[in-house]
Number of protein chains: 2
Amino acid sequence: MVLLNPPAGTRQGPDRRAGGRRLDADARRDQLTRIGVELARRVPPDQISADEVARAAGVSKGLVFHYFPTTRDLQVAVLRSSTAELLARLGTDHAAAPSDRLLTGINAFVAYIEEHPAGYLATARGIGSDPGSMEVFEETRAGVVDIMRRALGTPELPAGLRIAIRGWIAMVEESVLHWVEDHPVPRDQLVAFLHRAALDLMPQAMAMGAGTLVPTGPADPAVFDLRS
Amino acid sequence: MVLLNPPAGTRQGPDRRAGGRRLDADARRDQLTRIGVELARRVPPDQISADEVARAAGVSKGLVFHYFPTTRDLQVAVLRSSTAELLARLGTDHAAAPSDRLLTGINAFVAYIEEHPAGYLATARGIGSDPGSMEVFEETRAGVVDIMRRALGTPELPAGLRIAIRGWIAMVEESVLHWVEDHPVPRDQLVAFLHRAALDLMPQAMAMGAGTLVPTGPADPAVFDLRS
DNA sequence: TACCTTCTTGACCAGTAGTCAACAAATGGC
DNA sequence: GCCATTTGTTGACTACTGGTCAAGAAGGTA
């Protein structure tokens, strides 16, 4: 019960555990982040604890707090590292035409979610209210918007188009997350639908804020009535 | 320092604070939930603590834990109570035509977010990874889908259409949350865009899973190339 | 060897979620 | 009016976990 701080010299042997060897700062930080990303496949990112990461790495909890001042910082680093991979996979295929690059991107996104369904669900919805995590979310979504901007070949996006692109990205995310639960329609039809949706929505989105109110093409209210 | 449990009779006076009077179980539970909803306007729902609610209600922390076994249960009750109001506001206007009901619903949603921008952002994205909270999220989204199903006048939705509706809802949410930050386009144009998007997407969605692959209308890949 | 820098440790502390035995306000006979 | 039972309520207590810090070990350098 009486465990007073032993001010000197009561130190046990080296105790070289798995990752316990001395590493330089960057290597250690990377190692801890990697271990966190590993853990995030099983545990939602907002439930990763410094203690857990420390145990998995074979180091002391204090060391983890040395590199990540708060648990949130650790979680944000894990989150950022995870989303970086997704962004990297979406931005390929630079030579093709915009419409084809878009299709490739949608396929890559579906593939990514098929690989880590639980993990992506946790990072997409299990963000929590932490400002740092929300910032990563924002960065990621902005990153996807920027990939689309480059695919479109324009230096900047009109406000209406930017809003529509963000909305469309959310639609893709939600559709795929819901689809992956039980695959109720063929995969290629889902992809085609989302691709087609982008092609249809963007021209109208450009009209937003430009004075003209959705002037292009037909829009028959009756198509929205299944009883007809 | 030595505060041993006084096993008998050391109890101070009645101490009737604001809400400290004896209430029957249902009334007390409702009161605590209401206070939680109040708090949720300032604090993200996943940061509401039993202690805080207890203080605001003028009762002991133990009492809150009597009604809500865990802090999560409290937060989920708050969340559910909040989203119930939103659903109630979206499902009105039963007499109008489907397309008009849709428009009314979009307007109601935009109005709701304009009233509680921070609160909605926190509940939409700050859900966290708690299973209970995710369940409320699912219930809410399913509720909106059902409102649209009734507006369409059909007893059940084809799989492809259900996916598309969920996707469209996510698009509306994301677009409006982004729009409300700085209102870069006129409100009515945003609403018109989202309305038009639904009218355009749903017919194509119905084709999903029905064998035919997006057969209706024009789809020119060139419209997706701003350089043209 | 002595010295310095940098990485690492583990005892400790603080705050908070959750428990529980006891208490008190109503309620219902008698 | 009084006693017994039920049920809402309390607050001291415990357990756990995020975070601190003084001290030490490992490696480099002269």
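Every chain's residues receive numbers from 1 upward, in the order its sequence appears when written. Labels are handed out in written order, letters beginning with A for the chains and numbers beginning with 1 for the ligands. At least 70 in pLDDT is required for a residue's local features to be given in this predicted model, at least 80 for side-chain atom pairs to be given and counted, and no such filter applies to totals for whole chains, interfaces and linings, which use all residues. Hydrogen atoms and water are omitted, and side-chain values are computed over all heavy atoms in the structure.

J.: Provide a residue-level description of the overall build of chain A, including the pertinent values.
T.: We count a stretch as a helix when DSSP gives it H or I for four or more residues in a row; a strand needs E for two or more, and each element gets its number in order from the N terminus. When helices and strands are counted, chain A shows nine helices and zero strands. Only protein chains enter the accessibility calculation, which uses a 1.4 Å probe. A residue is then buried if its area is under 20% of the maximum for its type, exposed if over 50%, and partly exposed in between. Every one of the 228 residues in chain A was classed for burial, and the buried ones make up 49%. Restricting the contact set of chain A to residue pairs at least 6 apart, pairs at least 24 apart contribute 62%. Note on areas: Shrake-Rupley, 1.4 Å probe, and residue coverage restricted to the protein chains presented here. In the form shown here, chain A has an accessible surface area of approximately 11,300 Å², with 55% of it arising from carbon and sulfur atoms. Contact criterion: two residues are considered in contact whenever any of their non-hydrogen atoms come within 4.5 Å of each other.

J.: Can you explain the nonpolar core? Please cite residues and give values.
T.: Note on terminology: a nonpolar core comprises buried Ala, Val, Leu, Ile, Met, Phe, Trp, Tyr and Cys residues joined through side-chain atoms within 4.5 Å. Ranked by size, the top nonpolar core spans 80 residues in total, and within it I165 and W168 of chain A together with I165 and W168 of chain B carry the most contacts. Excluding residues that lie within four positions of it along the chain, W168 of chain B makes contacts with M171 of chain A together with L102, I106, M148, L194, A197, A198, L201 and M202 of chain B.

J.: Break down the relation of the copies chain B and chain A for me, with residues and values.
T.: A residue counts toward the fit only if its pLDDT is at least 70 in both copies, and the copies are then superposed by least squares on the C-alpha atoms of those residues. By a simple turn and slide, chain B fits onto chain A: the slide is 0.0 Å along the axis, the RMSD is 0.1 Å, and the turn is 180 degrees. Read as a symmetry element, the transformation amounts to a two-fold axis. Closest approach to the rotation axis among the C-alpha atoms of chain B is made by G128 of chain B, whose C-alpha sits 2.0 Å away. Counting the interface residues of chain B, we find that 99% of their copies in chain A are interface residues as well, pointing to one common contact surface.

J.: Hey, could you go over the packing of aromatic side chains for me, with residue numbers and the actual values?
T.: Aromatic ring pairs are reported here in terms of the distance separating the ring centres and the angle at which the planes meet. Centre distance within 6.5 Å is the pairing criterion for rings of Phe, Tyr and Trp, where only the six-membered ring of Trp is used; planes under 30 degrees apart are then read as stacked, over 60 as edge-to-face, and the remainder as tilted. Per the stated rule, a full pass over the model turns up four aromatic pairs over all chains. Consider the rings of Y112 of chain A and Y120 of chain A, whose centres lie 6.2 Å apart with planes at 85 degrees: the pair is edge-to-face. Overall, Y112 of chain A belongs to the buried group, its relative accessible area being 8%. With a centroid separation of 5.6 Å and an interplanar angle of 90 degrees, the aromatic rings of F109 of chain B and Y120 of chain B are classed as edge-to-face. Remark: Y120 of chain B occurs in helix α6 (residues 117-125) and F109 of chain B occurs in helix α5 (residues 98-115); sequence separation between them is eleven residues. Taken together, F109, Y112 and Y120 of chain A form an aromatic cluster joined through their ring pairs. A cation sits over an aromatic face here: R29 of chain A above F68 of chain A, 6.0 Å from the ring centre. Working rule: Lys NZ or Arg CZ, within 6 Å of ring centre, within 35 degrees of ring normal, means a charge sits over the ring.

J.: Got a sec to walk through the interface of chain B and chain A? Specific residues and values, please.
T.: In this complex, chain B contributes 72 residues to the contact, which on the side of chain A involves 71 residues. One side-chain nitrogen of Lys or Arg within 4 Å of one carboxyl oxygen of Asp or Glu is enough to make a salt bridge. Between R166 of chain A and E174 of chain B there is a salt bridge, with the nearest N and O atoms lying 2.8 Å from each other. Two N or O atoms form a polar contact when they lie within 3.5 Å of each other; inside protein one atom must be a possible hydrogen donor and the other a possible acceptor, and for residues adjacent in sequence the pair counts only when both atoms belong to side chains. Along the contact surface separating chain B from chain A lie ten residue pairs in polar contact (both at pLDDT 80 or more). For the side of chain B that touches chain A, the secondary structure elements donating two or more residues are α5, α6, α7 (131-152), α8 (159-182) and α9 (187-207) of chain B. Of the residues forming the side of chain B that touches chain A, the biggest block, 16 residues, is contributed by α8 of chain B. We call Asp, Glu, Lys and Arg charged. Ala, Val, Leu, Ile, Met, Phe, Trp, Tyr, Cys and Pro are nonpolar, and the rest, Gly among them, are polar. Residue classes in the side of chain B that touches chain A are distributed as 41 nonpolar, 18 polar and 13 charged.

J.: Explain the environment of M171 of chain B residue by residue, including any values.
T.: Tracing the chain through its elements places M171 of chain B in helix α8. For M171 of chain B, a relative accessible area of 0% puts it in the buried group. When the C-alpha atoms of M171 of chain B and L194 of chain B are compared, they prove to be 8.3 Å apart, with 23 residues separating the residues in sequence. M171 of chain B has contacts with G167, W168, A170, M171 and L201 of chain A together with L194 and A197 of chain B, leaving out every residue within four places of it along the chain.

J.: Which residues make up α9 of chain B, and what values do they have?
T.: Residues and elements named next belong to chain B. An expected span of 1.5 Å times one less than the residue number is assigned to each helix. Under the 1.5 Å per step criterion, the end-to-end length of α9 is 31 Å for 21 residues, consistent within 8% with the ideal 30 Å. In α9, a bend of some 30 degrees at L201 exceeds every other bend along the element, and P203, a proline, comes one to four places later. Burial runs high along α9: 17 of the 21 residues are buried. Note that bend, as reported per residue, equals the angle between axes fitted to the 7 residues terminating at that residue and the 7 residues originating from it.

J.: Can you break down the pattern of salt bridges residue by residue, with the values?
T.: All names here are of chain A. Scanning the entire structure with this criterion turns up 26 salt bridges over all chains. Residues D146 and R150 are paired through a salt bridge, measuring 3.0 Å at the closest nitrogen-oxygen approach. Of the two residues, D146 and R150 both sit in helix α7 (residues 131-152), four residues apart, roughly one turn of that helix. Residue classification places D146 among the partly exposed residues on the basis of a relative accessible area of 29%. Taking relative accessible area as the criterion, R150 reaches 39% and is therefore assigned partly exposed.

J.: Run through the environment of A198 of chain A, naming residues and quoting values.
T.: Residue and element names in this part refer to chain A. Tracing the backbone shows A198 in helix α9 (residues 187-207). On the basis of relative accessible area, A198 is assigned to the buried category, the value being 0%. It is 9.2 Å that separates the C-alpha atoms of A198 and S99, two residues lying 99 residues apart in sequence. Discounting chain neighbours no more than four positions away, the residues touching A198 are L102 and W168.

J.: Residue-level account of the packing of helix α8 (residues 159-182) of chain A against α9 of chain A, with values.
T.: Think of two packed helices as two axes; the pair is described by the angle between the axes and how far apart they sit. Residue and element names in this part refer to chain A. Simply put, an axis is a line fit to the C-alpha atoms, just over the touching stretch for a helix, and the angle between two N-to-C directions goes from 0 to 180 degrees. Two elements in contact, α8 and α9, have axes separated by 9 Å at closest approach and are oriented at 165 degrees. Between α8 and α9, the crossing angle belongs to the class labelled roughly antiparallel. Regarding α8 and α9, the two cross each other, and that crossing is right-handed. Here α8 contributes G160, L161, A164, I165, W168, M171, V172, S175, V176 and W179 to the contact with α9, which in turn contributes R187, L190, L194, A197, A198, L201, M202, A205 and M206. Broken down by class, the residue content of the contact of α8 with α9 amounts to 16 nonpolar, two polar and one charged. Each angle gets one of four labels, with under 35 degrees taken as roughly parallel, over 145 as roughly antiparallel, 65 to 115 as roughly perpendicular, and the rest as oblique. Each crossing is labelled by how the near helix is turned from the far one, with a counterclockwise turn of less than a right angle marking it left-handed and a clockwise turn marking it right-handed.

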